[in-house]
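# Structural characterization, general
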Amino acid sequence: MATIKTLLLATIALCIGLAAFIYSGAYPVGADVPHTAFTNWVLETLRDRSIERASKDIQVPDLDDPELLIEGGPDYNEMCVGCHLKPGGKESELSQGLYPAPPDLTKRASDPRRQFWAIKHGIKASGMPAWGPTHDDQRIWAMVAFLQKLPELTPQQYQILTARDEEAPDHHH
Amino acid sequence: MKIFTPLLIVTLLLTLAAQAHDPSQHKDKAEKPQCAALKDMDIKKMDKQDPVTQALIKKCMKQLHPEEKPETEK
């Protein structure tokens, strides 16, 4: 009986302590103060497990269609390059200032399911917006197809694939 | 002065909303694909099965071979 009482008191004290910490304003919320290793581990594991679970049943279409690259390239260049960079480009203000930092997508491509999910739904409490409300799945897959090839593109190839050709009709929107 | 801050924020938000993505809005500042670079890449040595190569060639076809139009258009 005594142990239960002690446990209960300890739990209550912990809750009060936590509430006091939250209200005290002592938590450093600035993006220029990195998380502790533990917080980092919690957040990254939470993110990775959540995306893995939510995206496991997504059917990946054939991403080797050149049409998808032609469609996804200009979208990437107009909406994403400021945060996720391009071949031969420099770091940007956004890529340096955001925390968590946007991954440099010219370095490596993660699993297409993961990319599709992250683009469609965005990632909470990070700079990554959800593009699903404004772009259909087809258009998001085109960006995924482009991202899968992005790490191997030279700056010249990138320029050609991302320039929006005026003569080419754009079908999706 | 106090009234200006909310006003500024609303203006800012409206500006952002107006910038929502629509490909047709990007038409005027669109740059052309610099297909001259493709010549240096030596297309013959590139893998024709590679989707990147196919996309590059497709995108540059019009620029590099404008003469290849259907007979009727000549």
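Residues numbered from 1 in each chain as written. Chains lettered and ligands numbered in written order. Predicted model: local features only at pLDDT ≥ 70, side-chain atom pairs only at ≥ 80, totals over all residues. Heavy atoms only, no water.

Going by the annotation in an unreviewed UniProt entry, the name recorded for chain B is PsiF repeat-containing protein, with Microbulbifer rhizosphaerae given as the source organism.

An unreviewed UniProt entry lists chain A under the name Mono/diheme cytochrome c family protein, with Microbulbifer rhizosphaerae given as the organism.

What follows deals with the overall build of chain B. Secondary structure summary: chain B contains three helices and zero strands in total. Listed by position from the N terminus, the elements making up chain B come as α-α-α. Burial statistics for chain B: of 74 residues in total, 22% are counted as buried. Summed over its atoms, the accessible surface of chain B is roughly 5900 Å², and 63% of this surface lies on carbon and sulfur atoms. (Helix = DSSP H or I, 4+ residues; strand = E, 2+ residues; numbered from the N terminus. Buried < 20%, exposed > 50% of the residue type's maximum accessible area, 1.4 Å probe, protein only. Areas by Shrake-Rupley, 256 points an atom, 1.4 Å probe, with all protein chains shown as cover.)

This part is about the side chain of Thr162(A). Inspection of the secondary structure puts Thr162(A) in helix α8 (residues 155–162). Looking at Thr162(A), the relative accessible area reads 4%, which means it is buried. Other than its neighbours up to four places away in sequence, Thr162(A) contacts Gly73(A), Pro74(A), Asn77(A), Phe146(A) and Lys59(B). (Contact = heavy atoms within 4.5 Å.)

Okay, the layout of surface pockets next. Residue and element names in this part refer to chain A. The computed volume of the largest pocket comes to approximately 1500 Å³. Surrounding the largest pocket, 50 residues form its lining, Arg-47, Pro-100, Ile-123, Ser-126 and Met-128 being those nearest its centre. Secondary-structure elements contributing two or more residues to the lining of the largest pocket are α2 (37–55), α3 (66–79), α4 (81–84), α6 (112–121) and α7 (137–149). If one sorts the elements of the lining of the largest pocket by residue count, α2 sits on top with eight residues. Of the residues assigned to the lining of the largest pocket, the class counts are 31 nonpolar, 12 polar and seven charged. (1 Å grid on protein atoms, 1.4 Å probe; cavity = no way out; pocket = protein on both sides within 12 Å on 5 of 7 lines; lining within 4 Å. Points joined across faces, edges and corners; volume = space filled by probe spheres on them. Nonpolar A, V, L, I, M, F, W, Y, C, P; charged D, E, K, R; others polar.)

Quick look at the state of the cysteines now. Counted according to the given criterion, the structure contains one disulfide over all chains. The disulfide that involves Cys35(B) links it to Cys60(B), with 2.0 Å between the sulfurs. For the disulfide bridge between Cys35(B) and Cys60(B), the dihedral angle about the S-S bond is near -80 degrees, and by the sign convention the bridge is left-handed. In this pair, Cys35(B) is assigned in the loop between α1 (4–18) and α2 (36–40) and Cys60(B) in helix α3 (residues 51–64), connecting sequence segments 25 residues apart. Comparing Cys35(B) with Cys60(B) shows no difference in burial state: the two are buried. Cys80(A) carries a free sulfur, and the closest cysteine sulfur to it, the one in Cys83(A), is 8.6 Å from it. Judged by its relative accessible area of 13%, Cys80(A) is buried. (Disulfide = S-S within 2.5 Å.)

A separate point is the side chain of Thr53(B). Relative to the helices and strands, Thr53(B) resides in helix α3. Excluding residues within four positions of it along the chain, Thr53(B) makes contact with Met46(B) and Asp47(B).

What follows concerns the nonpolar core. In this structure, Tyr76(A) and Leu150(A) are the most contacted members of the largest nonpolar core, which totals 34 residues. Secondary-structure elements contributing two or more residues to this core are α3, α6, α7 and α8 of chain A together with α3 of chain B. When residues of this core are assigned to their parent elements, the largest contribution, eight residues, is made by α7(A). Once residues within four sequence positions are removed from consideration, Leu150(A) is found in contact with Tyr76(A), Pro87(A), Leu105(A), Thr106(A) and Tyr158(A). (Core = buried A, V, L, I, M, F, W, Y, C linked by side-chain atoms within 4.5 Å.)

This part covers the environment of Val144(A). Residue and element names in this part refer to chain A. With respect to the helices, strands and loops of the structure, Val-144 is situated in helix α7. By relative accessible area, which is 0% here, Val-144 ends up buried. As a C-alpha pair, Val-144 and Gly-72 span 72 residues in sequence and 7.5 Å in three-dimensional space. In contact with Val-144, not counting residues within four places along its chain, are Leu-63, Pro-112, Gln-115, Phe-116 and Ile-119.

This part covers the UniProt feature "domain: Cytochrome c" (unreviewed entry) in chain A. Under the UniProt annotation, the feature "domain: Cytochrome c" (unreviewed entry) is placed at residues 67–151 of chain A. Counting secondary structure, residues 67–151 of chain A comes out at 53% helix and 0% strand; the distance between its end C-alpha atoms is 18 Å. (UniProt positions renumbered as here; feature names shortened; annotations may be inferred.)

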